[in-house]
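Summary of structural features
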Amino acid sequence: MERPGATHEYFECMESFLPQEGIEFIYYDQLGTGNSDNPNDPVFWDLDRYVEEVEQVRIALRLDKSNFYLLGHSWGGILASQYALKYQQNLKGLIISNMMMSAIDYDKYADTVLAKQMDPKVLARIREIEKNKDFENPEYMQLLLPNFYTKHILRLDADKWPEPVNRSFSKINQSLYVTMQGPIEFGLSGKLEKWDIKKELPKLIVPTLSIGAEYDTMDPNHMKWIASQVKNGTYLYCPNGSHMSMYDDQDIYMKGLIKFIKDTDNKTIK
């Protein structure tokens, strides 16, 4: 699971690592994205409804606490953690990849840390476009790509971005994305604007892996803190990675993910 409106396709990198370790995994496109139906109605773009959708998928696939790990990346991390708060009895493990547990803290990090790393002139122009709600202006992406995306989303030159990433992003359901996240790239301004479950993290007793990266849009210190708040947490740090550290810090990301799954499996067997 990934950013609101994106498809499962950028997870295809997992195919080079997990099957050879004997780990079976299932791609999932939410309602309104990718290969799933699209009712084209924003009334369906709702966190609580998506939590129930994950539960329906789990039941249909007959997954349970003996075999069900839920990995959520970015917006998927919001959904996965929210799912776990309601249904952790059905999980063997939870993986929160590159997502802070507070939209408010994320906004603050975007403003106080990420924005300050940008050329002030570029930032001023981006802010101006956002203020005018001129999101269709091609200049918006032309500025974001070299100044933000290739520094904090995926640390490769834009023309070297992996094909599955480009394919997934080219299919984003903008209606869903804007409804949930808002049109602004710095922080959240849609339905998720006030989302915050920091105080609820101690309720999570299921083994939980939190993945953070040095150059991420998400504060790696917050990601480390998540692992200390849940009852059974592990932190994986990707020193060379950004938001999509499954690509730009791939070796560390995949080894850490596989280790967490195998360690959790071994503890369960004992």
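Above this text you will find the structure in question.
A few points on the structure. As the structure is a computational prediction, the values presented were derived from the model and not from experiment.

Some remarks on helix α3 (residues 103-114)
- Residues of α3 that are buried: Ala103, Tyr106, Asp107, Tyr109, Ala110 and Leu114. Axial view of α3: buried residues confined to an arc of 160°, hence all on one face.
- On its buried face, α3 sits against α5 (138-153) and α8 (220-229).
- Capping of α3 at its N-terminal end is provided by serine 102; its side-chain oxygen lies 3.3 Å from the backbone amide nitrogen of isoleucine 104.

Section: the packing of helix α1 (residues 47-60) against helix α2 (residues 75-87)
- Running from amino to carboxyl end, α1 crosses α2 at an angle of 70°, the nearest separation of the two axes being 9 Å. One element, α1, and the other, α2, form an angle in the roughly perpendicular class. For the pair α1 and α2, the contacting residues are Leu47, Tyr50, Val51, Glu52, Val54, Glu55 and Arg58 in the first and Trp75, Ile78, Leu79, Gln82, Tyr83, Lys86 and Tyr87 in the second.
- Looking at the contact of α1 with α2 residue by residue, the classes come out as nine nonpolar, one polar and four charged.

A word on unusual backbone geometry
- Unusually for a residue other than glycine, arginine 62 sits at a positive phi of about 55°.
- Structurally, arginine 62 is set in the loop between α1 and β1 (69-73).
- Of note, the phi angle at lysine 133 is positive, near 55°, even though the residue is not glycine.
- Assignment of secondary structure puts lysine 133 in the loop between α4 (120-131) and α5.

Quick notes on the pairing of strand β2 (residues 93-97)
- The element β2 is extensively covered by neighbouring structure, given that five of its five residues are classed as buried.
- Burial of the side chains of β2 extends over both faces: Gly93, Ile95 and Ser97 are buried on one face and Leu94 and Ile96 on the other.
- Sheet topology note: the β1/β2 ladder contains five bridges and is parallel. Within the sheet, the bridge partner assigned to tyrosine 69 lies in β2 and is glycine 93.
- One crossover worth recording links β1 to the parallel β2 by way of α2, and it is right-handed.
- Inspection of the sheet shows β2 paired to strand β3 (residues 208-213) by four bridges, in the parallel sense. Counted as the bridge partner of leucine 94 is threonine 208 from β3.

Let's talk about the pairing of strand β4 (residues 233-238)
- Looking at chain direction, β3 and β4 are connected through six bridges and run parallel. When the sheet's bridge partners are listed, threonine 208 is paired in β4 with glycine 233.
- Each parallel crossover has a hand, and for β3 linked through α8 to β4 it is right-handed.

Comments concerning the nonpolar core
- In this structure, Phe186, Met246, Tyr253 and Leu257 are the most contacted members of the largest nonpolar core, which totals 80 residues.
- Considering every element that reaches this core, the biggest residue donor is α2, with seven residues.

Looking at the layout of surface pockets
- Of the volumes computed, that of the largest pocket is approximately 740 Å³.
- Along the walls of the largest pocket sit 28 residues, with Glu24, Phe25, Ile26, Phe68 and Tyr69 positioned nearest its centre.
- Looking at the lining of the largest pocket, the elements that each hand over two or more residues are α1, β1 and α10 (250-269).
- Tallied by class, residues from the lining of the largest pocket come to 20 nonpolar, four polar and four charged.

Criteria and cut-off values
Residues numbered from 1 in each chain as written. Predicted model: local features only at pLDDT ≥ 70, side-chain atom pairs only at ≥ 80, totals over all residues. Heavy atoms only, no water. Buried < 20%, exposed > 50% of the residue type's maximum accessible area, 1.4 Å probe, protein only. Helix = DSSP H or I, 4+ residues; strand = E, 2+ residues; numbered from the N terminus. Arc of directions from axis to C-beta. Contact = heavy atoms within 4.5 Å. Polar contact = N/O pair within 3.5 Å; in protein donor to acceptor, adjacent residues only side chain to side chain. Axes fitted to C-alpha atoms, helices over the stretch in contact; angles between N-to-C directions. Parallel < 35°, antiparallel > 145°, perpendicular 65-115°, else oblique. Nonpolar A, V, L, I, M, F, W, Y, C, P; charged D, E, K, R; others polar. Pairing = 2+ DSSP bridges. Right-handed = clockwise from strand over helix to strand, strands pointing away. Core = buried A, V, L, I, M, F, W, Y, C linked by side-chain atoms within 4.5 Å. 1 Å grid on protein atoms, 1.4 Å probe; cavity = no way out; pocket = protein on both sides within 12 Å on 5 of 7 lines; lining within 4 Å. Points joined across faces, edges and corners; volume = space filled by probe spheres on them.

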